[in-house]
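Topology and contacts: notes
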Amino acid sequence: MPIPVENDWKPILEKAAEKESYQALRTFLVDEYNQQTIYPKKEQIWQAFEWTPYHSVKAVILGQDPYHGENQAHGLAFSVQPTVKLPPSLRNIYKELQDDLGIEPVTHGYLESWAKQGVLLLNTVLTVRAKEAHSHKNQGWEVLTDEVIRSLNDREEPIVFILWGAPAQKKRNLIDETRHHVLTSVHPSPLAAYRGFFGSKPFSKTNALLEETGQKPIDWELPADPVMV
């Protein structure tokens, strides 16, 4: 399962793929895709990197693992295909976005617009077995996504890292907070959102931090029609 990314992420990801843990992960994934229903589709695993090149990353939203429902995951954390019903976590994200910035929720969950503006929508684990949350945890993805965070940490221009939930927050020690910014809260899932996600104001805080460092803020308002992106 080669890494098909054709931008400045390619050498970074290929170097990470040289590790023994990735070789074991690759073997595991070949078997899983042959024998089980796995999300996202093979050709969409690396979508977040394709749409948000390394040099253009301004912010990272880090989650856990992909949605495990049919046709939901397409390679971007928290995003779903345009015709798919909004998952509860994303509904909570939209609720916080409205409370934070007054942006009315759209009816779709396709977050391509954020990705194209420099928001890397990354999970700590990039694949999952259908209807089995966390089923690909501890198979090697965490080692690769550690390398991704380290590579971003090496960037001179400050990045805002938004870490939602415990698996994401485990990567905090990879970030030099004298150069970059870290925002944390519980995961936006219905099980946790009321314990600190609501009211955390990650969107306005991110834009304030970007502006402080002379960067263009993110337009968090999604297009009503995702095909127009």
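The following refers to the structure shown. Remember, predicted model here, so these are calculated numbers, not experimental data. (Residues numbered from 1 in each chain as written. Predicted model: local features only at pLDDT ≥ 70, side-chain atom pairs only at ≥ 80, totals over all residues. Heavy atoms only, no water.)

1. Description of the overall build of the protein
Looking only at helices and strands, one finds eight helices and six strands in the protein. Helices and strands appear in the protein in the N-to-C order α-α-β-α-β-α-α-β-β-α-β-α-β-α. Rg of the C-alpha trace for the protein: 17 Å, near the compact-globule value of 17 Å for 229 residues, within the 12% margin. Taken over the C-alpha atoms alone, the protein extends approximately 45 × 40 × 35 Å along its principal axes. Contacts spanning at least 24 positions in sequence make up 68% of the contacts within the protein whose residues lie at least 6 apart. As presented, the protein carries roughly 10600 Å² of accessible surface, and 49% of it is formed by carbon and sulfur atoms. Of note, the protein has its 24 positive side-chain charges centred 4 Å away from the centre of its 30 negative side-chain charges. (Helix = DSSP H or I, 4+ residues; strand = E, 2+ residues; numbered from the N terminus. Rg over C-alpha atoms; globule rule 2.2 N^0.38 Å. Contact = heavy atoms within 4.5 Å. Areas by Shrake-Rupley, 256 points an atom, 1.4 Å probe, with all protein chains shown as cover. Lys, Arg positive; Asp, Glu negative; His and termini not counted. Charge placed at Lys NZ, Arg CZ, Asp CG, Glu CD.)

2. Overview of the sheet that holds strand β2 (residues 59–63)
Read from one edge to the other, the open sheet built from four strands follows the order β3-β2-β5-β6, with strand pairing classed as parallel. Of all strands in the sheet, those with a lone pairing partner are β3 (119–123) and β6 (181–185), marking the two edges. Across the sheet, the mean angle from the axis of one strand to that of its neighbour is 15°, orientation sign disregarded. Relative to β6, strand β5 (residues 160–164) runs parallel, the two sharing five bridges. Directly across from V160, in β6, lies its bridge partner H181. Against the sheet, helix α6 (residues 141–153) makes contact with β2, β3 and β5, and its axis sits at roughly 155° relative to β3, the strand it touches most. (Pairing = 2+ DSSP bridges. Axes fitted to C-alpha atoms, helices over the stretch in contact; angles between N-to-C directions.)

3. Examining the environment of K10
Following the sequence through the fold, K10 ends up in helix α1 (residues 10–16). We classify K10 as partly exposed; its relative accessible area is 22%. Measuring from C-alpha to C-alpha, the distance between K10 and V148 comes to 11 Å, with 138 residues separating the pair along the chain. Not counting the four nearest positions on each side in its chain, K10 is found in contact with I3 and V5. (Buried < 20%, exposed > 50% of the residue type's maximum accessible area, 1.4 Å probe, protein only.)

4. What to know about the packing of helix α4 (residues 88–101) against helix α8 (residues 202–212)
Following both chains from N to C, one finds α4 and α8 inclined at 60°, their axes separated by 7 Å at the closest point. Judged by the angle between their axes, α4 and α8 are oblique. Residues I93, E96, L97, D100 and L101 of α4 lie in contact with α8, whose contacting residues are P202, F203 and S204. Among the residues making up the contact of α4 with α8, the classes are represented as five nonpolar, one polar and two charged. (Parallel < 35°, antiparallel > 145°, perpendicular 65-115°, else oblique. Nonpolar A, V, L, I, M, F, W, Y, C, P; charged D, E, K, R; others polar.)

5. Considering the pattern of salt bridges
Tallied over the full model, the rule gives 12 salt bridges. Here K116 and E112 are joined by a salt bridge, their closest N and O atoms 2.8 Å apart. Linking K116 with E112, this pair stays in helix α5 (residues 112–116), spanning four residues, or about one helical turn. K116 gets classed as partly exposed once you look at its relative accessible area, which sits at 46%. When the shortest N-O distance is used, the salt bridge between E157 and R155 registers 3.9 Å. The exposure class assigned to R155 is buried, which follows from its relative accessible area of 9%. Each of the salt bridges in this network shares a partner with another, and the network as a whole consists of E6, K10 and E14. (Salt bridge = Lys/Arg side-chain N within 4 Å of Asp/Glu carboxyl O.)

6. A few points about α8
Burial in α8 covers these residues: P202, F203, T206, N207, L209 and L210. Summarising the axial view, the buried residues of α8 lie within an arc of 160°, below the 170-degree limit, and thus occupy one face. Along α8, exposed side chains directed more than 90 degrees from the buried face belong to E211 and E212. Buried-residue contacts for α8 involve β2, α4, α5, β5 and β6. Positioned one or two residues after α8, G214 has a phi angle of 75°, which is positive. (Arc of directions from axis to C-beta.)

Note that all results are geometric; they support no functional claim without further evidence.
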